[in-house]
Amino acid sequence: MAKSVSADAISTILANPSPESSADVPEIVVQVVDLKATGTGGSRIMFSASDGKRKLRAILPASMSSEVMSGKIQNLGLIRILDYTLNDIPNKPDKYLIVTNCEVVSPPLESEIVSEVKSEETGIFLKPKQESEIKSEVKSEAPGIVLRPKQEMVAKSAAQIVHEQRENMAPAARMSMTRRVFPLVSLNPYQGSWTIKVRVTSKGNMRTYKNARGEGCVFNIELTDEDGTQIQATMFNEAAKKFYDRFQLGKVYYISKGSLKLANKQFKTVKNDYEMTLNENSEVEEARNEETFVPETKFDFVQIDELGPYVNAKELVDVIGVVQNVSPTMSIRRKSDNENIPKRDITIADETKKTVVVSLWNELATNIGQELLDTANQSPIVAIKSLRVGDFQGVSLSTIGRSTVIVNPDIPEAKKLRSWYDSEGKESSMASVSAGMSPSTKSGSRSMYSDRISLSHVTSNPSLGEDKPVFFSIRGYISFIKPDQTMWYRACKTCNKKVTEALGAGYWCEGCQKNEEECNLRYIMVVKVSDASGEAYLSAFNEDAEKIVGCSADELEKLKSQVGEENSFQTKLKEATWNSHLFRISVAQNEYNHEKRQRITVRAVAPVDFAAESRFLLEEISKMRVSK
Amino acid sequence: MDTSNPAVFVNAELLRLYVGRRVRAVIQVLRSDGGVVTGKSTDDNQILVKGSPTSPLSKFVEVVGIADGEKSIHAEIWTNFGDTFETHTYNQLCQLANGEFKHMFL
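Residues numbered from 1 in each chain as written. Chains lettered and ligands numbered in written order. Predicted model: local features only at pLDDT ≥ 70, side-chain atom pairs only at ≥ 80, totals over all residues. Heavy atoms only, no water.

**A look at the sheet that holds strand β24 (residues 507-509) of chain A**
Residue and element names in this part refer to chain A.
Next, step 1: Read across the open sheet, the three strands follow the order β23-β24-β25; overall the sheet is antiparallel. Where the open sheet ends on each side, the last strands, each with one partner, are β23 (499-501) and β25 (514-516). Averaged over neighbouring strand pairs, the angle between their axes works out to 35 degrees when direction is ignored.
Next, step 2: Note that β23 and β24 share three bridges and pair antiparallel. Within β24, the residue paired with Val499 across the bridge is Cys509. (Pairing = 2+ DSSP bridges. Helix = DSSP H or I, 4+ residues; strand = E, 2+ residues; numbered from the N terminus. Axes fitted to C-alpha atoms, helices over the stretch in contact; angles between N-to-C directions.)

Dropping the structure here:
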């Protein structure tokens, strides 16, 4: 039985794309590499057929998937191709091979065969993006995959290093180097004996829960293998306690004896049909000396000026930006359990010349936050994964248990940002992304028709919003804007927080920790709104108040300070009165001197679309008749 | 406000029921010649409107006047409603205003 591939097997196949019959097929033995089972139930088997020199993308028909599932055909094994067809890929010069009949020649070899090099290497190799098979076990600073153009030289030095490493390793580690590692993509619930080699790319906090069956604790981790495939793994109770400290973010582990099940789409955060559970019998072993083995955190950045559509959405975002300022640590009391948790706000900017505030919570506030504060004057670049987008001050980002923060990451986006900042960004003036956000964000149009109520529904229900704020939409008229109320506050141009007058000249921003010559005025006002059912007082912040009044706070202040007979300030407010708008509001409870008071806040304002409103009313009327 | 003689919201179908009464209707102007405007009612039928508007008409017009035939109105007031109008919504208004909510209008 051949123990190796047929020389130039791929060329042979390419020369004869569709043999008449299997009798026509010469001896073709290839090595199966990059074996992937995709599709439902792993019925679609894809791999690369390698003859040591060249590779051809190939697929096995569904009928042969059982051979793969049963383990007869495995990655790095040899197969003799008995019958095949070579097909063109539309619009590409490449071809792909359909293996219609084959037989197993050899179980998985130690490594991928490369014809020029005879050295015996272990199954550690990097996936090259180009045709040439380059392997490099050389440690590098860069987290990515390093490719070298000269094959022979590298292969030798890799073998040398591997050899040296082996001699220095402890027996257990040497054993693990000969372990057969399965690609994450090939795992399925029906094949139990696998070992994976993965990096922990995300680690959640330990959470405690109480349900009908009792109490427990749980935590999740996100695992990524060298192909970039990701899977979420969960551990409960004993397993959680056992492995929580063992799993460390960024380290690589061999894992076996876990179980797989279909992922719950509602809670899925990672692109994988399956999710993994580890119990106390699962095996977890740290892979030492594997710093650059698997790719690091994969980011999918959203530019700051494109955050609008994500506000209040379930989807989490990744951002990268230059740190403009870091606030001191604040202690926030969590309402649900009265615990005090640390928080720190940082403002970041990117090439869109927009800034956004990111709230770092818990360890991120105390650890990384401190690091950022110490190096703030060097304008470090920070990349953050898995942020929730809120609507505080228009757009605000917040970290969650799962978020990852990397300072000055060695990735192309960071390099681009650095060179932009050093050349022009440093000097240019930035604006907060919240200012001038388009009105057609999610909270603007669609939700103006959901949860539509009358004002009396809110005012007659004093306990609304007791635990957490409740959201509604209403249509009403501005019935009164009190001229003598504090309508605005002085705000920092960068982070929108309140500034205080600095000794001397200018204004001091506590958040940005710096003095600015100028500041903006931002609205914070109370307006009376009426509809057919009643009236109520609503609090409105800058962007919404601007729509109600019809000008910015700075402009209104100018009118107010005008001296003369004409009272343009009062006129402006009168003109805003008795205009109808659609409002998105939140109702919550505030405590004032031990008294609970209802607080209604405007979250969005939109003009009344009379055609749409009429249609809405007709619908409501027809609902009335049905319920009679 | 004089509420003694309210004009009934009509489309072509309802106009027949109110001959001799004061009515109001929104029509889409199809033709205008010699003191008669041919309009499309909000339920896709034709209504003739007699009279001379004092200014050029837009695509959609509201006329208030006396129904002097099953398909015609003698107009007293012409009001331009512009070039876009939700005829379907108006039509439903006509039906509601003459149906179960008649007491609120007449």
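Picking up after the structure, the text goes on.
**Some points on the packing of aromatic side chains**
Next, step 1: Applying the stated criterion across every chain, the model contains twelve aromatic pairs over all chains.
Next, step 2: Ring centres of Phe243(A) and Phe247(A) lie 6.0 Å apart, and the angle between their planes is 50 degrees; on these two criteria the pair is classed as tilted. The pair formed by Phe243(A) and Phe247(A) is uniform in burial state, with each residue classed as buried.
Next, step 3: The structure contains a cluster of three or more aromatic residues connected by ring pairs, namely Phe9(B), Phe60(B), Phe81(B), Phe85(B), Tyr90(B) and Phe105(B).
Next, step 4: Of note, Arg24(B) hangs over the ring of Phe9(B), and the distance from its end group to the ring centre comes to 5.6 Å. (Phe/Tyr/Trp six-rings, centres within 6.5 Å; stacked < 30°, edge-to-face > 60°. Buried < 20%, exposed > 50% of the residue type's maximum accessible area, 1.4 Å probe, protein only. Lys NZ or Arg CZ within 6 Å of the ring centre and 35° of its normal.)

**Description of the nonpolar core**
Residues and elements named next belong to chain A.
Next, step 1: In terms of nonpolar packing, the biggest core is built from 33 residues, with Ile481, Tyr523, Leu538, Leu556, Phe583 and Ile585 touching the most fellow members.
Next, step 2: With five residues, strand β26 (residues 520-531) is the single largest residue contributor to this core.
Next, step 3: Beyond its immediate sequence surroundings of up to four residues, Ile481 is in contact with Met487, Met525, Val527, Ile548, Leu573 and Ala576.
Next, step 4: Judged by nonpolar contacts, the second largest core, of 26 residues, contains Ile346, Leu360, Leu387 and Val389. (Core = buried A, V, L, I, M, F, W, Y, C linked by side-chain atoms within 4.5 Å. Contact = heavy atoms within 4.5 Å.)

**Re the side chain of Asn272(A)**
Residue and element names in this part refer to chain A.
Next, step 1: Here Asn272 shows up in the loop between β11 (259-262) and β12 (274-278).
Next, step 2: Given the relative accessible area of 13%, Asn272 is considered buried.
Next, step 3: Side-chain polar atoms of Asn272 contact the backbone oxygen of Gln230, separated by 2.8 Å.
Next, step 4: A distance of 2.9 Å separates a polar side-chain atom of Asn272 from the backbone nitrogen of Tyr274.
Next, step 5: Ignoring any residue separated from it by four or fewer positions in sequence, one finds Asn272 in contact with Thr229, Gln230, Ile231 and Ala263. (Polar contact = N/O pair within 3.5 Å; in protein donor to acceptor, adjacent residues only side chain to side chain.)

**Brief notes about the interface of chain B and chain A**
Next, step 1: In this assembly, six residues from chain B lie in contact with seven residues from chain A.
Next, step 2: In this assembly, chain B packs against chain A so that about 590 Å² is buried in total across both faces, 63% of it on carbon and sulfur atoms.
Next, step 3: Counting every contact that joins chain B to chain A gives one salt bridge.
Next, step 4: Residue Glu86(B) is joined to Arg615(A) by a salt bridge in which the shortest nitrogen-to-oxygen separation is 2.8 Å. (Buried area = accessible area lost by both parts, 1.4 Å probe. Salt bridge = Lys/Arg side-chain N within 4 Å of Asp/Glu carboxyl O.)

**Thoughts on the state of the cysteines**
Residue and element names in this part refer to chain A.
Next, step 1: Enumeration over the complete set of coordinates arrives at zero disulfides over all chains.
Next, step 2: With no disulfide of its own, Cys509 lies closest to Cys495 among cysteine sulfurs, the gap being 3.6 Å.
Next, step 3: The exposure class of Cys509 is buried, given its relative accessible area of 1%. (Disulfide = S-S within 2.5 Å.)

**Looking at the pairing of strand β10 (residues 252-256) of chain A**
All names here are of chain A.
Next, step 1: Taken across its five residues, β10 has five buried, putting it largely inside the fold.
Next, step 2: Because side chains alternate across β10, one face comprises the buried residues Val252, Tyr254 and Ser256, and the other comprises Tyr253 and Ile255, equally buried.
Next, step 3: For β10 and strand β13 (residues 283-286), the ladder comprises four bridges, and the chain directions are antiparallel. Each bridged residue has a counterpart across the sheet, and for Ile255 the counterpart in β13 is Val284.

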